[in-house]
Amino acid sequence: MSGSGAAADEKAASRLRPQVNEYKENQNIPYVSLKPIPRTVLEKTVKVHLAAFSLSNDKLDQVKHPKSLLEKNSNDVPLCKKTEIKKTCRGILTPKMEATSSRAESSLQKSSLDVHPESNRGQHQSTSDAVIVSVDVESGQDGDSEEETTSGLDDFSGLSSYEKKRLKNISENANFFASLHLSESAARLREMVKKRQPSESKRKKPRKRENDGTGCRRSMRLLKVDPLGVPLPATPTQLALLADENPLLPPGPLEMTPENQDDNEELFKGFLQTWEEMSETGSKNMKELFSLKSYQANVSGMVLSEDTVCKVTKGSVLSLALHPSETRTLVAAGAKYGQIGLWDLTQHPKEDGIYVFHPHSQPVSCLYFSPANPAHILSLSYDGTVRCGDFCRAVFEEVYRNESSTFSSFDFLAEDASTVAIGHWNGSVSLVDRRTPGTSYEKLVKLPLQKIRTIHVHPVHRQYFVTAGLRDIHIYDARSLTPRGSQPLTSLTEHTKSVASAYFSPITGNRLVTTCADNNLRIFDSSCVSSQLPLLTTIRHNTNTGRWLTRFRAVWDPKQEDCIIVGSMAHPRRVEIFHETGKWLHSFLGGEYLTSVCSINAMHPTRYILAGGNSSGKIHVFMNSESEFWG
């Protein structure tokens, strides 16, 4: 019994005593020793401490016979228990340790397969060894329980479950952000921002193309050449900026020499003879109004043909005048380059009836035939000169000159054209007496105006004149003007934008028409020049011509003072007539012969002939086919 009791005690002690794997053979092989493994492998108090190991190539021969190891271990722990340890034991492995263990496991498996490829038992043994090593590897990968995962820390610190969980979260977050490689991406972005330079302009500059002879199309107007490639003369703005290149013409009379008829002196002498004959023939002065129905019937018979359209001057037409002759049709046009063009429509071909003179160096903005002598034509220019063309003597005499100022408009104060009122762009007015021998007598008056565009004298009470400026319409009495300044008799303040012109009706002066940039034509009652002129009619009319076209100026028909004539922006192109009540009367349409805007228009004083000029120097003449006139 004693012997059996001793055996039983020894057997119970062996159960309680933990088994330890000892490797006394092959001491040079690095190996991970396991702490004592309890018999109750399912308790959570079990702690397994693993260390990574690796096998070098020079020591593979020491593990070619793992049978001894299996036999050594089989005496202590069966293979099934080892498998159970793999399933239940948990340990703490760092990523470096896991990688090392994985490499060790793969090395063992490869070596065992290479050494015993033919033996099933050898394969089984090598597999068992791999299972033993896998305990270290898989124990660090399975994280099913928080306590199991952090159990390796219990031997080194007394951390609470919250602190262990916090350390776990910190580790997982660090690994996650490390996998994103944010620092590398941030470094690359910083390099990109440093290399990128801010663009100077959002608009890409066109790359210069080599002169291959096939350049893109460009505007001939911007290139300042005509369709034939001939350079065009300078614009008025360039004339003003380059005054030294366009000096004033010398003072005194200038010889009347046409620029376009140099080789045909005989034809020009015949032209001058025609003017002399016309000056001897008096013209009728129409002082009677016709019925509106009769007037409409006559203007409806006026037509435009190919023979009555011709280019007379270079550049825009800024002023027009029709000779009062009842036997011949003569049109005079003032251009923006200082030219005056005369066109005799009775000459055939029509090019033989055109004569162009150059008495000024800057735009000719106002042009009138003398009411006392139709052989004289007076012209005013921006260059500060007023000249009189005498066709009997073939000279352009100088009427008035002021080089320190620029002129805008003029009109006759006396019926015999002996005195002239001249408006300046700076708001001044000059009263000039042409009867003074030698130089003309001048009376310069500074008016409270910023600008004067047009000046017009009352046809009956000739001491009154009206000026049109920016937004100001003023009527003055020439008898009360003083050099220090004068106040107007009346002012019109209904205009909201700049005013282009203001004219009295031609026979009685009882009406006043204004053209404003606010797209309105206004007609005032001027029968009594007092402190206030009533507004009678407002006619809605498009006056926005733009910068390339001459501004519209509504004018009265000299033989029908209750009707006004004005250009139009409508399509097809036309010239319109309105009654003073605002009623539309007629539109002059030219079909294929009128394809541009006629900004400046003038009507013959006794005949039904209308001349319109555009911004290219072309003149359109509407007239009756039978050339009838009122006798």
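Since the model is a prediction, treat every value here as computed from it, not as a measurement.

Draft legend 1. Up close: the sheet that holds strand E7 (residues 354–357). If you trace the four strands from one edge of the open sheet to the other, you get E4-E5-E6-E7, paired in antiparallel fashion. Of all strands in the sheet, those with a lone pairing partner are strand E4 (317–322) and E7, marking the two edges. Averaged over all adjacent pairs, the angle separating strand axes in this sheet is 20°, with direction ignored. As paired elements, strand E6 (residues 340–344) and E7 share four bridges and run antiparallel to each other. Following the sheet pairing, Leu342 is matched in E7 by Tyr355.

Draft legend 2. Spotlight on the sheet that holds strand E20 (residues 499–504). Ordered by their spatial adjacency, four strands build an open sheet running E20-E21-E22-E23, and the pairing between neighbours is antiparallel. Looking at which strands have only one partner, the edges of the open sheet turn out to be E20 and strand E23 (535–540). Across the sheet, the axes of successive neighbouring strands diverge by a mean angle of 15°, strand direction being ignored. In the sheet, E20 pairs with strand E21 (residues 511–516) via five bridges, with the strands oriented antiparallel. Each bridged residue has a counterpart across the sheet, and for Val499 the counterpart in E21 is Cys516.

Draft legend 3. Representation of the pairing of strand E17 (residues 464–468). In terms of residue burial, E17 counts as a mostly covered element, since five of its five residues are buried. Because side chains alternate across E17, one face comprises the buried residues Tyr464, Val466 and Ala468, and the other comprises Phe465 and Thr467, equally buried. Alignment of strand E16 (residues 454–457) against E17, held across four bridges, turns out to be antiparallel. Among the inter-strand pairings, His456 is bridged to a residue of E17, identified as Val466. The loop that links E16 with its antiparallel partner E17 comprises six residues. Taking the residues that link successive antiparallel strands as the turn, the E17-strand E18 (residues 473–477) hairpin has four residues.

Draft legend 4. Summary view of helix H11 (residues 292–300). Every buried residue of H11 is accounted for by Tyr295, Asn298 and Val299. One side of H11 holds all its buried residues, which, seen down the axis, span an arc of 95°. Those residues of H11 that are exposed and angled more than 90 degrees off the buried face are Lys293 and Ala297.

Draft legend 5. The arrangement of helix H8 (residues 182–195) in detail. With 14 residues, H8 should reach 20 Å at 1.5 Å per residue; the first-to-last C-alpha distance of 20 Å fits that figure. Burial analysis of H8 places just zero of its 14 residues in the buried class, which makes it a mostly uncovered element.

Draft legend 6. Representation of the environment of Asp557 within the structure. Examined against the element boundaries, Asp557 turns out to sit in strand E24 (residues 555–557). Relative accessible area serves as the criterion here: at 0%, Asp557 is assigned to the buried category. Between the C-alpha atom of Asp557 and that of Thr606, which follows or precedes it by 49 residues, the distance is 9.7 Å.

Draft legend 7. Fine view of the packing of aromatic side chains. Applying the stated criterion across every chain yields a total of 15 aromatic pairs. Centroid distance Phe268 to Phe271: 6.4 Å. Interplanar angle 25°. Geometry classified as stacked. You can see Phe268 and its partner Phe271 sitting in helix H10 (residues 265–280), three residues apart, about one turn around the helix. Looking at Phe271, the relative accessible area reads 5%, which means it is buried. The ring of Trp548 carries the charged tip of Arg547 above its face, separated from the ring centre by 4.7 Å. The residue whose ring lies beneath Lys559 is Tyr608, and the NZ or CZ to ring-centre distance is 4.6 Å.

Draft legend 8. Here's a closer look at unusual backbone geometry. Following His348, the chain continues into Pro349 via a peptide bond in cis, with omega recorded as 0°. Within the secondary structure, Pro349 sits in the loop between E6 and E7. For the bond running from His571 to Pro572, omega is -10°, close enough to zero to count as cis. Along the chain, Pro572 falls in the loop between strand E25 (560–567) and strand E26 (574–579). A positive phi angle is found at His181, which is not glycine, with a value near 55°.

Criteria and cut-off values
- Residues numbered from 1 in each chain as written.
- Predicted model: local features only at pLDDT ≥ 70, side-chain atom pairs only at ≥ 80, totals over all residues.
- Heavy atoms only, no water.
- Pairing = 2+ DSSP bridges.
- Helix = DSSP H or I, 4+ residues; strand = E, 2+ residues; numbered from the N terminus.
- Axes fitted to C-alpha atoms, helices over the stretch in contact; angles between N-to-C directions.
- Buried < 20%, exposed > 50% of the residue type's maximum accessible area, 1.4 Å probe, protein only.
- Arc of directions from axis to C-beta.
- Expected span 1.5 Å × (residues − 1).
- Phe/Tyr/Trp six-rings, centres within 6.5 Å; stacked < 30°, edge-to-face > 60°.
- Lys NZ or Arg CZ within 6 Å of the ring centre and 35° of its normal.

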